[in-house]
Amino acid sequence: MSLSITNLEVNYGKHEVLKKLSINELKKGSFTALLGPNAAGKSTLFKSIAGIIKVTGGDITLSDDNLLKSSRKERARRVAFLPQSFHANVALSVFESVLLSLKQQSAWRVKSEDLDRVSNILSLLHIEHLADKDISSLSGGQKQLTAMARILVVEPEVVLLDEPTSALDLHHQLSLLELVKMHTIEKGIITIAALHDVNLAAKFCDNLEVLNKGVIQLSGEPSHVLAQPKLGDTYRVMTSLESTKAGQLYVDAQLYSN
Ligand SMILES: Nc1ncnc2c1ncn2[C@@H]1O[C@H](COP(=O)(O)OP(=O)(O)OP(=O)(O)O)[C@@H](O)[C@H]1O
């Protein structure tokens, strides 16, 4: 199984946001970070893959199927999307919300395995203690973890996470990305996460795609991408590549001096 994007074009009215954007064969079990400055088009790319917005040209291929030609239901079964903001204005508990997400993809009769699956995913994300809480009463980070549980419980082929750590403290950022990485490998899925922290991306992801001005500017293994001066140009900063005592690469960034 692999996901490829070829010459993807997306416009909002006259504004061309994605301009013949291509991403080569992301393989099952791979965890890709989608990097790029604000307004680069990361959410737009995710929404195009998930089938939420229309594309004007190009192809999105998953295991030889052109996703652009598959039905909305089929697309939703195969591709799960975690949007940037998670609205929780319904009177459901965390457990019910995750169960509802699972049952949207299958027959409505709830079996004991469904309940086990929901319990397991809540435990995996360490939010089992929130199971009976009303989702509207959760903190921002707890809502983000619940949204993640709703995605992972479905076991799709492709998981798209739009800034999944934005509401999380440092501990939860690390534990969530570690969990996503393990889940991606164990379930053999393709995961892409839009992240703003290039060092977190390099720590957990095996592939980085840097999007700017509607196209992928840099692509490849973290050690390759972080070493490119073009990475700094993309963010309008100066970057230098450093290494920790443990051998972990990281980028030090400075604003341009006047
Ligand atoms: N619904 C919309 N209608 C019109 N323009 C839009 C719409 N959504 C996004 N845009 C524009 O498309 C461009 C890309 O936006 P997008 O949200 O994809 O960027 P992003 O890389 O996800 O940004 P950020 O990192 O700030 O979340 C921006 O210029 C934005 O203003």
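Residues numbered from 1 in each chain as written. Predicted model: local features only at pLDDT ≥ 70, side-chain atom pairs only at ≥ 80, totals over all residues.

Under an unreviewed UniProt entry, the name given to the chain is ABC transporter ATP-binding protein, and the organism recorded is Marinomonas colpomeniae.

A few words now on the overall build of the chain. Along its length, the chain carries nine helices and 12 strands. Relative to the compact-globule value of 18 Å for 258 residues, the chain shows a C-alpha radius of gyration of 19 Å, a close match. Expressed as a percentage of its 258 residues, the buried residues of the chain come to 38%. (Helix = DSSP H or I, 4+ residues; strand = E, 2+ residues; numbered from the N terminus. Rg over C-alpha atoms; globule rule 2.2 N^0.38 Å. Buried ≥ 20, exposed ≤ 12 C-beta atoms within 10 Å, placed from the backbone.)

Turning our attention to the nonpolar core. Within the largest apolar cluster, 69 residues are counted, with the highest numbers of intra-cluster contacts made by Val98, Met148, Ala149, Leu160 and Ala201. Of the residues forming this core, the biggest block, six residues, is contributed by helix H5 (residues 140–152). Excluding residues within four positions of it along the chain, Val98 makes contact with Val118, Ile121, Leu122, Thr146, Ala149, Arg150 and Val153. (Core = buried A, V, L, I, M, F, W, Y, C linked by C-beta atoms within 7 Å. Contact = placed C-beta atoms within 7 Å.)

So, on to the sheet that holds strand E1 (residues 2–12). On the basis of which strands lie adjacent, the open sheet formed by four strands has the order E2-E1-E4-E5 and antiparallel pairing. On the outer flanks of this sheet lie strand E2 (15–27) and strand E5 (65–66), each paired with one strand and no other. Where E1 lies against strand E4 (residues 57–62), five bridges are found, and the strand directions are antiparallel. The partner of Glu9 across the bridge, within E4, is Gly57. Across the sheet, helix H1 (residues 42–50) lies against E1, E2 and E4, angled at about 65° from E2, the strand it touches most. (Pairing = 2+ DSSP bridges. Axes fitted to C-alpha atoms, helices over the stretch in contact; angles between N-to-C directions.)

This part is about the packing of helix H3 (residues 94–103) against helix H4 (residues 112–124). Interhelical geometry of H3 versus H4 gives an angle of 120° and a closest axis separation of 10 Å. By the criterion of interaxial angle, the relationship of H3 to H4 is oblique. Read as a crossing pair, H3 and H4 show a hand that is right-handed. Here Phe95, Val98, Leu99, Leu102 and Lys103 of H3 lie close against H4, whose contacting residues are Asp114, Arg117, Val118, Ile121 and Leu122. (Parallel < 35°, antiparallel > 145°, perpendicular 65-115°, else oblique. Left-handed = near helix turned anticlockwise from the far one by under 90°.)

Bringing the environment of His15 into the picture now. Take His15: it is sitting in strand E2. In this structure the C-alpha to C-alpha distance between His15 and Val118, which are 103 residues apart in sequence, comes to 42 Å.

Before going further, it helps to examine the sheet that holds strand E3 (residues 31–35). In spatial order, the strands read E6-E7-E8-E3-E9-E10; together these six strands make up an open sheet with mixed pairing. Either end of the sheet is taken by a strand with one partner, and the two such strands are strand E6 (79–82) and strand E10 (215–220). With strand direction ignored, the average angle separating the axes of adjacent strands in the sheet is 15°. Strands E3, E6, strand E7 (158–162), strand E8 (190–194) and strand E9 (207–212) of the sheet are contacted by H1, whose axis makes an angle of about 150° with E7.

Let us look at H4. Taking 1.5 Å of rise per residue, the 13 residues of H4 would be expected to cover 18 Å, and the 18 Å separating its terminal C-alpha atoms lies within 8% of that figure. By the burial criterion, the buried members of H4 are Val118, Ile121 and Leu122. Looking straight down H4, one finds that the buried residues subtend no more than 100° of arc, so they occupy a single side. For H4, the exposed residues set more than 90 degrees away from the buried face come down to Ser112, Glu113, Asp116 and Ser123. Taken together, the buried residues of H4 touch H3 and H5. Of the residues trailing H4, His126 is marked for its positive phi of about 55°. (Expected span 1.5 Å × (residues − 1). Arc of directions from axis to C-beta.)

Attention now goes to the site of the ligand. Close to the ligand lie Tyr12, His15, Val17, Gly36, Asn38, Ala39, Ala40, Gly41, Lys42, Ser43 and Thr44. Going through the elements one at a time, E2 and H1 are the ones with two or more residues in the shell around the ligand. Along the lines of polarity and charge, the residues of the shell around the ligand split into four nonpolar, six polar and one charged. (Near = placed C-beta within 6 Å. Nonpolar A, V, L, I, M, F, W, Y, C, P; charged D, E, K, R; others polar.)

This next bit is on the pairing of E7. Summarising burial for E7: five of the five residues are buried, a large majority. Here E7 shows two buried faces, one formed by Val158, Leu160 and Asp162 and the other by Val159 and Leu161. Sheet analysis places E6 next to E7, joined by four bridges and oriented parallel. Considered in E7, the bridge of Ala80 is made with Val159. Where E7 meets E8, five bridges bridge the pair, whose relative direction is parallel. Bridge assignment links Val158 to a residue of E8, and that residue is Ile190.

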